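So the chains spell out like this:
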Amino acid sequence: MEIKNVMVVGAGQMGAGIAQVCAQAGYQVLLHDIKEAAVEKGLAVIQKNLTRQVEKERMTEDDKNMILANVIKSTTITDAENADIIIEAVVEKVEVKTAIFTELDRYAPAHAILASNTSSLPITEIAAATKRPDRVIGMHFMNPVPVMKLVEIIRGLATTEEVFSVIEMMTKKLKKVPVAVNDFPGFISNRVLMPMINEAVYALYEGVASKEAIDEVMKLGMNHPMGPLTLADFIGLDTCLFIMETLHDGFGDDKYRPCPLLRKYVKAGWLGKKTGRGFYTYE
Ligand code: CAA
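Cut-offs and rules
- Residues numbered from 1 in each chain as written.
- Predicted model: local features only at pLDDT ≥ 70, side-chain atom pairs only at ≥ 80, totals over all residues.
- Heavy atoms only, no water.
- UniProt positions renumbered as here; feature names shortened; annotations may be inferred.
- Core = buried A, V, L, I, M, F, W, Y, C linked by side-chain atoms within 4.5 Å.
- Buried < 20%, exposed > 50% of the residue type's maximum accessible area, 1.4 Å probe, protein only.
- Helix = DSSP H or I, 4+ residues; strand = E, 2+ residues; numbered from the N terminus.
- Contact = heavy atoms within 4.5 Å.
- Axes fitted to C-alpha atoms, helices over the stretch in contact; angles between N-to-C directions.
- Parallel < 35°, antiparallel > 145°, perpendicular 65-115°, else oblique.
- Left-handed = near helix turned anticlockwise from the far one by under 90°.
- Nonpolar A, V, L, I, M, F, W, Y, C, P; charged D, E, K, R; others polar.
- Pairing = 2+ DSSP bridges.
- Right-handed = clockwise from strand over helix to strand, strands pointing away.
- Near = heavy atom within 4 Å.
- Polar contact = N/O pair within 3.5 Å; in protein donor to acceptor, adjacent residues only side chain to side chain.
- Areas by Shrake-Rupley, 256 points an atom, 1.4 Å probe, with all protein chains shown as cover.

- Going by an unreviewed UniProt entry, the protein carries the name 3-hydroxybutyryl-CoA dehydrogenase and comes from Bacillus chungangensis.
- As recorded by UniProt, the Sequence similarities (unreviewed entry) comment attached to the protein reads in full: "Belongs to the 3-hydroxyacyl-CoA dehydrogenase family."
- Recorded in UniProt under Pathway (unreviewed entry), the annotation for the protein is "Lipid metabolism; butanoate metabolism."

**Structural notes on the nonpolar core**
Phase 1: Ranked by internal contacts, the top residues of the largest apolar core, which has 41 residues, are Ile85, Ile87, Met139 and Phe141.
Phase 2: The element contributing the most residues to this core is helix 1 (residues 13–24), with seven residues.
Phase 3: Apart from the residues within four sequence positions on either side, phenylalanine 141 is in contact with Met14, Ile18, Val21, Ile87, Asn117, Leu150, Val151 and Leu174.
Phase 4: In terms of nonpolar packing, the next biggest core, distinct from the first, is built from 26 residues, Ile214, Leu231, Phe234 and Tyr280 among them.

**Regarding the packing of helix 2 (residues 36–55) against helix 3 (residues 61–69)**
Phase 1: One can describe the packing of helix 2 onto helix 3 by two numbers: an axis separation of 9 Å at closest approach and a directional angle of 160°. The pairing of helix 2 with helix 3 is recorded here as roughly antiparallel in orientation. When the axes of helix 2 and helix 3 are compared, the crossing they make is right-handed. Where helix 2 abuts helix 3, its residues Ile46, Gln47, Leu50, Thr51 and Val54 lie against Glu61, Lys64, Ile67 and Leu68.
Phase 2: Among the residues forming the contact of helix 2 with helix 3, the class breakdown is five nonpolar, two polar and two charged.

**As for the pairing of strand 7 (residues 150–155)**
Phase 1: In this structure, strand 6 (residues 136–141) lies alongside strand 7, joined through five bridges in antiparallel fashion. Across the sheet, residue methionine 139 finds its bridge partner in strand 7, namely isoleucine 153.
Phase 2: As defined by bridge partners, strand 7 adjoins strand 8 (residues 177–182) across six bridges and the pair is classed as parallel. Paired with arginine 155 across the strands is asparagine 182, a residue of strand 8.
Phase 3: Traced from strand 7 through helix 6 (residues 161–173) to strand 8, the parallel crossover comes out right-handed.

**A closer look at the sheet that holds strand 8**
Phase 1: What the eight strands build is an open sheet, ordered 3-2-1-4-5-6-7-8; its pairing is mixed. Each having just a single partner strand, strand 3 (71–74) and strand 8 make up the two edges of the open sheet. Strand after strand, the sheet turns through a mean of 25° between neighbouring axes, direction not considered.
Phase 2: Sheet topology places strand 5 (residues 113–116) next to strand 6; three bridges connect them, and they run parallel. When the sheet's bridge partners are listed, serine 116 is paired in strand 6 with glycine 138.

**What about unusual backbone geometry?**
Most of the time, phi is negative for any residue but glycine, and the peptide bond is trans.
Phase 1: Following asparagine 143, the chain continues into proline 144 via a peptide bond in cis, with omega recorded as 0°.
Phase 2: Secondary-structure assignment places proline 144 in the loop between strand 6 and strand 7.
Phase 3: The phi dihedral of glutamate 57 falls on the positive side, at around 60°, and the residue is not glycine.
Phase 4: Secondary-structure assignment places glutamate 57 in the loop between helix 2 and helix 3.
Phase 5: Phi at asparagine 223 takes a positive value of approximately 60°, unusual for a residue other than glycine.
Phase 6: In this structure, asparagine 223 sits in the loop between helix 8 (211–222) and helix 9 (228–235).
Phase 7: By relative accessible area, asparagine 223 is classed as exposed at 69%.

**Some details on the site of the ligand**
Phase 1: Of all residues adjacent to the ligand, which total 18 residues, the nearest are Lys56, Arg58, His140, Asn143 and Asn190.
Phase 2: A distance of 2.6 Å is found between an oxygen atom of the ligand and a side-chain nitrogen or oxygen belonging to arginine 58.
Phase 3: Asparagine 143 is positioned with one of its backbone polar atoms (N or O) 2.8 Å from a nitrogen atom of the ligand.
Phase 4: Calculation on the ligand without its partners gives an accessible area of 1,000 Å², and the protein chains cover 63% of this total.
Phase 5: Partitioned by chemical class, the residues of the shell around the ligand number ten nonpolar, five polar and three charged.

**Topic: the environment of methionine 244**
Phase 1: Within the secondary structure layout, methionine 244 lies in helix 10 (residues 237–251).
Phase 2: We classify methionine 244 as buried; its relative accessible area is 1%.
Phase 3: In this structure the C-alpha to C-alpha distance between methionine 244 and isoleucine 197, which are 47 residues apart in sequence, comes to 9.7 Å.
Phase 4: Contact partners of methionine 244, with chain neighbours within four places excluded, come to Met194, Pro195, Asn198, Tyr256, Arg257 and Pro258.

Now the structure itself:
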């Protein structure tokens, strides 16, 4: 099966990044969101990223315009009828994702693959909302998408080998590295990353060290590019809490209990960089 037309549903930070790397790889991309303003915002992010590449002389103005010409705006879900693959990157709520998958299943051609960029929700449950669970798969990109090499590829219970290999090949075409993971809460990335972040929040909560000290230990001692509390702000504290809750519920194991301080920050609306305040404050 050959993939030419990609639809990305959700034009937020992740959706825009996914649309950008797909357009750069030469795919025709429909960037979809419910509101035109959201699509425009996603496009502006792509434009800004590409302009930076031109300024750094990594691509020409012509390259940039060619890539931008590959991205078409969409606010109508029936546009799915033109896609060979649809990558969903909407809010991490299983009821929202299943509703979107049911709708996409209605409009997408029979051969189309439906992929989810979910960071921790069960692919098998999302697939069950469609009549083609064999053509549903997880394609979990990392943030910032244009920079990070990894894509976790998650097979649902019914995903076929054919679909898996198409996605594996597409990931390589995006100049990313596919890693196969089975369908369990948090997959591998967030099963390992989030408990580390949560533990860093516990260390802060218990007064073991200051936020700066905790981050410095992990940066200088473990060579992490960002300390765990800075990274949590970057990911979004609401997302971190949601993933910890998914692990906690999914495994029923108290070792995944979210730190009360993380809950308190989320309740306060201190969600990290996106709201200007999390563990740190941002301009
Ligand atoms: N979009 C596009 N490009 C970006 C970017 C963004 N949002 N942020 C940074 N970059 C690019 C910069 O343009 C720069 O490019 P060049 O090297 O080509 O010039 C490069 O990334 C490095 O950026 P900076 O020099 O500004 O800053 P840095 O060296 O500190 O790197 C970083 C920034 C890449 C984000 C780095 O700090 C890092 O790797 N942090 C960890 C990121 C991480 O762990 N991501 C995974 C989060 S978890 C997740 O995504 C899964 C989930 O489900 C929650």
